[in-house]
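Descriptive analysis of the structure
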Amino acid sequence: MPSDLPRITLRMDQEFIDKINKIAERENRSTNQQITYIIKKYIEQYEQENGRINSAELSVTKTG
């Protein structure tokens with residue numbers, strides 16, 4: 001089933017991609033789920049160290 005979630009294009013070294021794929025396999029996640037997990041954990045860590053980023057600080061724009 002197609003997702004309505006926004007998409008991003010990400011460029012990175014092949015070595016990182018291969019390692020993320022291997023970690024995802026070991027964690028029984030898709031590569032997309034693994035990348036989302038990594039980003040979520042980083043945001044949580046960042047907010048613990050620097051304070052919560054509230055919705056007023058976010059600017060949402062649509063491209064089209």
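Everything that follows concerns the structure shown earlier in this document.
Residues numbered from 1 in each chain as written. Predicted model: local features only at pLDDT ≥ 70, side-chain atom pairs only at ≥ 80, totals over all residues. Heavy atoms only, no water.

Quick notes on the pattern of salt bridges
Pairing of side chains with opposite charge becomes possible as their charged atoms draw close. Under the counting rule described, the total for this entry stands at five salt bridges. One salt bridge connects Glu15 with Lys19, and the closest N-O pair in it is separated by 3.1 Å. Taken as a pair, Glu15 and Lys19 lie in helix α1 (residues 14-26) at a separation of four residues, close to a single helical turn. Here Arg52 ties to Glu47 by a salt bridge, and the two come within 3.7 Å at their closest N and O atoms. (Salt bridge = Lys/Arg side-chain N within 4 Å of Asp/Glu carboxyl O. Helix = DSSP H or I, 4+ residues; strand = E, 2+ residues; numbered from the N terminus.)

Some remarks on unusual backbone geometry
For Asn28, which is not glycine, the phi dihedral falls at a positive 55°. Within the fold, Asn28 resides in the loop between α1 and α2 (31-50). Asn28 gets classed as exposed once you look at its relative accessible area, which sits at 70%. (Buried < 20%, exposed > 50% of the residue type's maximum accessible area, 1.4 Å probe, protein only.)

Concerning a nonpolar patch on the surface
Residues Ile39, Tyr42, Ile43, Tyr46, Ile53 and Leu58 make up a contiguous nonpolar surface patch of about 570 Å² in total accessible area. Its place among the elements puts Leu58 in the segment after α2. (Patch = residues over 30% accessible without salt bridge, like charges linked within 9 Å, V, L, I, M, F, W, Y side chains within 5 Å. Areas by Shrake-Rupley, 256 points an atom, 1.4 Å probe, with all protein chains shown as cover.)

Quick word on α1
Taking 1.5 Å as the rise per residue, α1 with 13 residues should run 18 Å; its terminal C-alpha atoms sit 18 Å apart, in good agreement. Following α1 by one or two positions, Asn28 adopts a phi angle in the positive range, close to 55°. (Expected span 1.5 Å × (residues − 1).)

Here we look at the side chain of Glu47
Here Glu47 shows up in helix α2. Excluding its chain neighbours within four sequence positions, the residues that come into contact with Glu47 are Arg52 and Ile53. (Contact = heavy atoms within 4.5 Å.)

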